[in-house]
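Survey of secondary and tertiary structure
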Amino acid sequence: MAGMFDLVVAGSGIAGSSAALTGARLGLKTLCLAGDVLGGQLLSINKIDGYPGFPEGVAGYDLCPMTQEQAVAAGAEITATSLDRLDPERGHWRLATNEGDLQARGIVLATGATLRELGVPGEERFKGKGVSHCASCDAPLLRGKPVVVIGAGDSACQEALTLAEAASRVTLLCRGQELRAQQVYRDEVMRKANIDIRFHHVVAEILGDGGVTAVRAGDTASGETAEIEAAGVFVYVGLQPATSYLGDAIVLAGDGRIPTDSALRTSLTGVAAAGAVRSGWAGRAAAAAGDGAAAAIAIARYLRNDDWPSQAPRLG
Ligand SMILES: Cc1cc2nc3c(=O)[nH]c(=O)nc-3n(C[C@H](O)[C@H](O)[C@H](O)COP(=O)(O)OP(=O)(O)OC[C@H]3O[C@@H](n4cnc5c(N)ncnc54)[C@H](O)[C@@H]3O)c2cc1C
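Residues numbered from 1 in each chain as written. Predicted model: local features only at pLDDT ≥ 70, side-chain atom pairs only at ≥ 80, totals over all residues. Heavy atoms only, no water.

Another point: the pairing of strand E4 (residues 83–89). Sheet analysis places E4 next to strand E5 (residues 92–97), joined by six bridges and oriented antiparallel. Along E5, the bridge assignment pairs Leu-86 with Leu-95. Between E4 and the antiparallel strand that follows it, E5, lie two residues; Gly-91 among them carries a positive phi value of about 80°. (Pairing = 2+ DSSP bridges. Helix = DSSP H or I, 4+ residues; strand = E, 2+ residues; numbered from the N terminus.)

Another point: the environment of Glu-124. Along the chain, Glu-124 turns up in the loop between strand E7 (113–115) and strand E8 (131–132). The exposure class of Glu-124 is exposed, given its relative accessible area of 55%. Sequence separation between Glu-124 and Thr-266 is 142 residues, and the spatial gap between their C-alpha atoms is 35 Å. (Buried < 20%, exposed > 50% of the residue type's maximum accessible area, 1.4 Å probe, protein only.)

So, on to the site of the ligand. Taken together, 37 residues are adjacent to the ligand, and Val-37, Gln-41, Gln-158, Ala-276 and Ala-285 come closest. Gly-13 places a polar main-chain atom, nitrogen or oxygen, 3.4 Å from an oxygen atom of the ligand. In this structure, Arg-284 approaches the ligand through a side-chain N or O atom, which is 3.0 Å from a nitrogen atom. Look at the ligand: alone it shows 1000 Å² of surface, and the protein chains cover 93% of it. Going through the elements one at a time, helix H1 (14–25), E7, helix H4 (154–164) and helix H6 (285–305) are the ones with two or more residues in the shell around the ligand. At three residues, H4 tops the list of elements feeding residues into the shell around the ligand. A class-by-class count of the residues in the shell around the ligand yields 18 nonpolar, 14 polar and five charged. Summarising the domain contributions, the shell around the ligand has at least three residues from each of domain 1 (4–114 + 239–305) and domain 2 (117–235). (Near = heavy atom within 4 Å. Polar contact = N/O pair within 3.5 Å; in protein donor to acceptor, adjacent residues only side chain to side chain. Areas by Shrake-Rupley, 256 points an atom, 1.4 Å probe, with all protein chains shown as cover. Nonpolar A, V, L, I, M, F, W, Y, C, P; charged D, E, K, R; others polar. Domains from an automatic or database assignment.)

Another aspect to go through is the sheet that holds strand E14 (residues 225–229). One open sheet accounts for three strands, arranged E12-E13-E14; its pairing is antiparallel. This sheet does not close on itself; its edge strands, each paired only once, are strand E12 (201–208) and E14. Strand-to-strand twist in this sheet, taken as the mean axis angle between neighbours without regard to direction, amounts to 25°. Pairing between strand E13 (residues 212–219) and E14: five bridges, direction antiparallel. Considered in E14, the bridge of Ala-217 is made with Ala-226. (Axes fitted to C-alpha atoms, helices over the stretch in contact; angles between N-to-C directions.)

Turning to a nonpolar patch on the surface, a few remarks are in order. Together, Val-37, Leu-43 and Tyr-61 make up an exposed nonpolar region whose accessible area comes to about 270 Å². Secondary-structure assignment places Tyr-61 in helix H2 (residues 60–73). Judged by relative accessible area, Tyr-61 falls into the exposed class, the value being 51%. (Patch = residues over 30% accessible without salt bridge, like charges linked within 9 Å, V, L, I, M, F, W, Y side chains within 5 Å. Salt bridge = Lys/Arg side-chain N within 4 Å of Asp/Glu carboxyl O.)

Attention now moves to the packing of aromatic side chains. Where two aromatic rings form a pair, the distance of their centres and the angle of their planes describe that pair. Under the definition given, this model contains two aromatic pairs. Centre to centre, the rings of Tyr-51 and Phe-54 are 6.3 Å apart; their planes meet at 35°, and the pair counts as tilted. Classification of Phe-54 as partly exposed rests on a relative accessible area of 26%. Over the ring of Phe-5 we find Lys-29, and its NZ or CZ is 4.7 Å from the ring centre. When the ring centre of Trp-308 is taken as reference, the NZ or CZ atom of Arg-265 above it lies at 5.8 Å. (Phe/Tyr/Trp six-rings, centres within 6.5 Å; stacked < 30°, edge-to-face > 60°. Lys NZ or Arg CZ within 6 Å of the ring centre and 35° of its normal.)

Our next topic: the domain arrangement of the protein. By domain assignment, the protein separates into domain 1 (4–114 + 239–305) and domain 2 (117–235). Here the C-alpha centroids of domain 1 and domain 2 sit 31 Å apart. Residue-level contacts link six residues of domain 1 with eight residues of domain 2. Summing both partners gives a buried area of about 550 Å² for domain 1 against domain 2, and 35% of it is carried by carbon and sulfur. Area buried by domain 1 at its contact with domain 2 is led by Ser-44, Asn-46 and Arg-284, which between them contribute 67% of it. (Contact = heavy atoms within 4.5 Å. Buried area = accessible area lost by both parts, 1.4 Å probe.)

Moving on: the state of the cysteines. Applying the stated criterion across every chain yields a total of one disulfide. Here Cys-134 pairs with Cys-137 through a disulfide, and the sulfurs are 1.9 Å apart. The chirality of the disulfide connecting Cys-134 with Cys-137 is right-handed, given an S-S dihedral of about 75°. On the accessibility criterion, Cys-137 (43% relative accessible area) is partly exposed. Between Cys-32, a free cysteine, and Cys-64, which holds the nearest cysteine sulfur, the sulfur-to-sulfur gap is 12 Å. The class for Cys-32 is buried, based on a relative accessible area of 0%. Counting only cysteine sulfurs, Cys-157 is the nearest neighbor of Cys-174, a cysteine outside any disulfide, at a range of 6.9 Å. (Disulfide = S-S within 2.5 Å.)

Laid out in structure tokens, this is it:
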């Protein structure tokens, strides 16, 4: 793995795989650092909706390996390694990883995001014992049992629908007074007989013994508190961008993501960002894939023409 690469991509989600594929196809010596989850967030999604070319949806465990295999076939290398730090050197970047250092002339940061935690008592204790972020992984274990899903956006609704196929009842707890998901998910969730949507509900505690048995939630409209029976609790309350390896190298946007220009170039010379880690990302997998391709093209142009915004400090 050691040595000098034209392009190092950090992250192997759909943005990173697409960047690695595009970089390799452009003839760049390309290495993709996969991080902890080869495939990223999509890997565990039962049915990825709205991805071009798959009118019936596609499973993450089908799509993710396909994109990685395509990148490798084009000439990219993928390694199960994480980026820990990047530092400028004369004319290139030095990257520290958990497997040692390497050098890159250009970088695409595609480290995505992880699902946020609720931060209530019981959440940490019952992680893996009923508290989960992965409906498709745990639905078969919860057949015929009641579950609670927390959140009001696309992920919460989509995962509630996956769980409703197995669970006896899905209680969807939303803090606000409406679902924020796409209309297609809102309609489906409303139609599903075994999904019970409760607005104005804030979870105070996850209860259990050996595993989860219930959540305690307050109704902010009525002021009442209730225990809702649940053998599983699924949390979809937003995303935490993965940027800790940057230290203070880049000033992040207000949403904690990496700012880029319209060509996906960051404030660091030769470093582009793509997908869920960049500010202004459009939120869907197709957008992340497009970002990955555009970011790799930005790096190829930079390597060919030294084309980078003039206010970014030059490398060496
Ligand atoms: C429950 C749920 C359901 C969804 N369903 C859909 C859907 O049906 N349709 C749709 O279009 N979108 C869907 N999305 C959104 C979709 O998952 C994202 O758009 C997409 O995964 C973003 O891709 P990404 O590559 O930017 O980031 P991620 O998928 O988050 O990938 C990030 C990658 O970076 C790696 N990484 C992290 N830190 C480091 C590091 N320091 N060094 C190296 N690698 C690192 C991780 O291991 C991972 O490989 C869903 C999201 C969720 C949460």
